[in-house]
Amino acid sequence: MVKQQAEIRKATNQKVKMTPSEAIVETLVAENVKEVYGIVGSAFMDMLDLFPTAGIRFLPVRHEQSAAHMADAYTRVSGVAGVVIGQNGPGITNMVTSVAAANQAHTPMVVISPSAGTPTIGWDGFQEADQVSIFDAITKETVRVTHKSRVADCLRTAFRIAYAERGPVLFDIPRDLFYGELEDQILEPHQYRVDSRGSGDPASIKQAVELLKGAKNPVIISGRGAVDSDGVDAVKNIAEHLSAPVAVSYMHNDAFPADHPLAVGPIGYMGSKAAMYTLKEADVVLAIGTRLSVFGTLPCYDIDYFPKNAKIIQVDINPRHIARTHPVEVGIIGDAKSTSDEMYHQLQALLPSPQENRACLEKISKRKEDWEKELVDLAMKDGNPINPRRALLELTKALPENAIISTDIGNVSSTANAYLKFNQTKRHIAALTFGNTGFAYPAALGAQLAEPNSPVAAIIGDGAWGMSLHEVSTAIEQDIPVIACVFNNKSWAAEKKNQVDYYDNRFIGSDIEAPDFAEVAKSMGALGYTIDKPEDIASVIEEVLKKRKPAVLNIFVDGTQLAPPFRKDALKMPTRFLDKYKHLDHDVWGK
């Protein structure tokens, strides 16, 4: 059978007879797809039946939203575009949130979207929905199969766009078009898409190098593009040659090794003060593989750190992102690694010897030392029962260096930005700027599938855990030994902090009552631990790592020790005009 599959894929000069389902599956095999995530459905069962023989593992989840989160993380770790599928109508629409998250995360993905059969389209039949319209705004493209002979061609187009534009593509196929027969070729990916992006315009690179050569305080921001292109070493070469400090973009803490002398840490909400003070002094900023998102460059800790007068060199594979949020002096459309390599080559020609700047290194070292002390001091303050920062500190100390950590959205999860340090790439899988809760655990499952031998942990609040815990069943069923670290403060703490600061401690909808998560985990077949002492975290992590089974750590943390408002940029003190609401006006607080 394997020999037959190879012969089909190599038949580049002749067409072979097959069914549409076979053409789709053989295209997936050619694309090196090993896993497809979703929930079984009659709409695609004819294709699903071929998966085991084709060597494709179907990963059944408990909710389709989890499927695209898993595929998102799998892609971030493996580099292979994730593939998801669901029943037409509700199965596909259940993926809206997670596909939208992957879209904002720039993660290549193909959503195989069975739709209503062609004989009944427009009759509002069972499970009919206009899926193309629904997904149009949250994908890079929607590709419709209009005839059974086009299934392989349309799927190739979906993969081509997903990789080229770095995001999800909807492959919409009416459910009756899985059946029948056709004649087509199964092409190899190099025959229909090009992965090499090149280093960009030579004149622009030359201009950028001249700017860097003349800079007094150059600072580099390394982002997701540097990780995806395996370009972090190239960024390191530039940094070392210029003696330039390197920050990492918001929630991409693995985009530069934290133990490097020139590393200053992450920017963005709850990032590194060392990075912020350093960036504030920059006269030239080299932003590599980052879109410099608005949220990821907002002031934090009352430090308005993003420089207003610095000349920005921005390198990004997608021209839509260049100068979108900050005006640039030089924009370069290019692959992060290829462009960095070329810039380094030209810098060596202009500056044959690396630029030594001991004063800069000493300043960086002192700032990092001060920031680390502040983080530890904040963490060591007593909590009832555990200071959430202390729990984060103990957790990050206990996990091995090669651990992959996924983070959700929420007060504690976002505070993790300050504590997470990585010396290897593809270790930090964050929810990023779509900001939906319920991301971290299914993402951790996908990351574990991409790297079965690496430990994987998810940092999740108890609110987000309510949207995730059903997937413990998936972890048990599929033997995926992810560690769920649930920070339990019995609240939607990010929103509760808003109610503390802006609504005079009027808590509406932000308190949570929940079952014992450790006992629930045990009842599902997982390991379950309740932790209310910070000293216990390390020993529990050690035990779980040895057992290599799905585990849930129910970590009780202080619900009054909260990070600053997450959306301070978008909140205002309440004003009330009607008499019946006057007592809620901020002017009367405390009176």
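Here, the structure is the one placed above.
Residues numbered from 1 in each chain as written. Predicted model: local features only at pLDDT ≥ 70, side-chain atom pairs only at ≥ 80, totals over all residues. Heavy atoms only, no water.

Novice: Which residues make up the overall build of the protein chain, and what values do they have?
Specialist: Looking only at helices and strands, the protein chain features 23 helices and 20 strands. Against the compact-globule benchmark of 25 Å for 591 residues, the protein chain has a radius of gyration of 25 Å, which places it among compact chains. Its C-alpha atoms give the protein chain principal-axis dimensions of roughly 70 × 65 × 60 Å. Counting the 591 residues in the protein chain, one finds 57% classified as buried. Considering only contacts within the protein chain whose residues lie at least 6 apart along the sequence, 76% involve residues at least 24 apart. (Helix = DSSP H or I, 4+ residues; strand = E, 2+ residues; numbered from the N terminus. Rg over C-alpha atoms; globule rule 2.2 N^0.38 Å. Buried < 20%, exposed > 50% of the residue type's maximum accessible area, 1.4 Å probe, protein only. Contact = heavy atoms within 4.5 Å.)

Novice: Help me get a handle on the side chain of Thr75, residues and values and all.
Specialist: Looking at where Thr75 falls in the secondary structure, it is placed in helix α5 (residues 64-78). The exposure class assigned to Thr75 is buried, which follows from its relative accessible area of 4%. Excluding residues within four positions of it along the chain, Thr75 makes contact with Val80, Ala81, Gly82, Thr107 and Pro108.

Novice: Quick rundown of helix α17 (residues 411-419)? Include the residues and the values.
Specialist: By the criterion of burial, α17 is predominantly enclosed, with 9 of the 9 residues buried. Burial in α17 covers these residues: Asn411, Val412, Ser413, Ser414, Thr415, Ala416, Asn417, Ala418 and Tyr419.

Novice: Provide a residue-level description of the nonpolar core, including the pertinent values.
Specialist: Ranked by internal contacts, the top residues of the largest apolar core, which has 100 residues, are Leu28, Phe171 and Tyr441. For this core, the leading source of residues is helix α9 (residues 151-165), giving 9 residues. Among all residues touching Phe171, those that are not within four sequence positions of it are Ile24, Val110, Val111, Ile112, Ser113, Val143, Val145, Val151, Cys154, Leu155 and Ala158. (Core = buried A, V, L, I, M, F, W, Y, C linked by side-chain atoms within 4.5 Å.)

Novice: Explain the packing of aromatic side chains to me, using residue names and the numbers behind them.
Specialist: Summed over the entire model, instances satisfying the criterion amount to 6 aromatic pairs. Through a chain of ring-to-ring contacts, three or more aromatic side chains come together here, namely Phe44, Phe51 and Phe58. The ring of Tyr192 carries Arg156 above its face, with NZ or CZ at 5.9 Å from the centroid. For the cation-ring pair, Lys496 lies above Phe507, with the distance from its terminal atom to the ring centre recorded as 4.7 Å. (Phe/Tyr/Trp six-rings, centres within 6.5 Å; stacked < 30°, edge-to-face > 60°. Lys NZ or Arg CZ within 6 Å of the ring centre and 35° of its normal.)

Novice: Hey, could you go over the layout of surface pockets for me, with residue numbers and the actual values?
Specialist: Sizing a probe to match a water molecule and rolling it over the atoms shows the empty space that remains. Approximately 820 Å³ is the volume found for the largest pocket. Taken together, 42 residues make up the lining of the largest pocket; nearest its centre are His106, Arg166, Arg224, Gly225 and Asp228. Those elements that place two or more of their residues in the lining of the largest pocket are α5, α9, α11 (224-228), β13 (311-316) and α14 (336-350). Among the residues forming the lining of the largest pocket, the class breakdown is 10 nonpolar, 18 polar and 14 charged. Looking at the second largest pocket, its volume works out to about 590 Å³. Around the second largest pocket, the lining comprises 36 residues; the ones closest to its centre are Ile409, Gly410, Gly435, Glu495 and Phe566. No other element matches helix α21 (residues 493-502), which puts 4 residues into the lining of the second largest pocket. Residues belonging to the lining of the second largest pocket are distributed by class as follows: 16 nonpolar, 14 polar and 6 charged. (1 Å grid on protein atoms, 1.4 Å probe; cavity = no way out; pocket = protein on both sides within 12 Å on 5 of 7 lines; lining within 4 Å. Points joined across faces, edges and corners; volume = space filled by probe spheres on them. Nonpolar A, V, L, I, M, F, W, Y, C, P; charged D, E, K, R; others polar.)

Novice: Residues and numbers for the sheet that holds strand β17 (residues 456-461), please.
Specialist: Backbone-to-backbone hydrogen bonds pair the strands of a sheet. The strands run either parallel or antiparallel. With parallel pairing, 6 strands are arranged side by side in an open sheet as β16-β15-β17-β18-β20-β19. Two strands in the sheet have a free side with no partner beyond their single neighbour: β16 (428-430) and β19 (527-531). Recorded for the sheet is a direction-independent mean angle of 15 degrees between the axes of neighbouring strands. The pairing of strand β15 (residues 404-407) with β16 spans 3 bridges and is parallel. In the strand pairing of β16, Ser406 is matched with Ile429. Where helix α18 (residues 440-450) meets the sheet, it contacts β15, β16, β17 and β18 (483-488), and its direction lies at approximately 175 degrees from that of β17. Strands β18, β19 and β20 (551-556) of the sheet are contacted by helix α23 (residues 537-547), whose axis makes an angle of about 175 degrees with β19. (Pairing = 2+ DSSP bridges. Axes fitted to C-alpha atoms, helices over the stretch in contact; angles between N-to-C directions.)

Novice: Can you lay out the pairing of strand β6 (residues 141-144) for me, pointing to particular residues and giving the numbers?
Specialist: Relative to strand β7 (residues 168-174), β6 runs parallel, the two sharing 4 bridges. Paired with Arg144 across the two strands is Asp172, which belongs to β7. Since β6 and β7 lie parallel, the crossover through α9 that links them has a hand, and here it is right-handed. (Right-handed = clockwise from strand over helix to strand, strands pointing away.)

Novice: Give a description of the pairing of strand β4 (residues 82-85) that names residues and reports values.
Specialist: Where burial is concerned, the two faces of β4 agree: the one with Gly82 and Val84 and the one with Val83 and Ile85 are both buried. Looking at chain direction, strand β2 (residues 35-38) and β4 are connected through 2 bridges and run parallel. Note that in β4 the partner of Gly38 across the bridge is Ile85. Bridge analysis of β4 against strand β5 (residues 109-115) gives 4 bridges, and the strand direction is parallel. Looking across to β5, one finds that Ile85 is bridged to Ile112.

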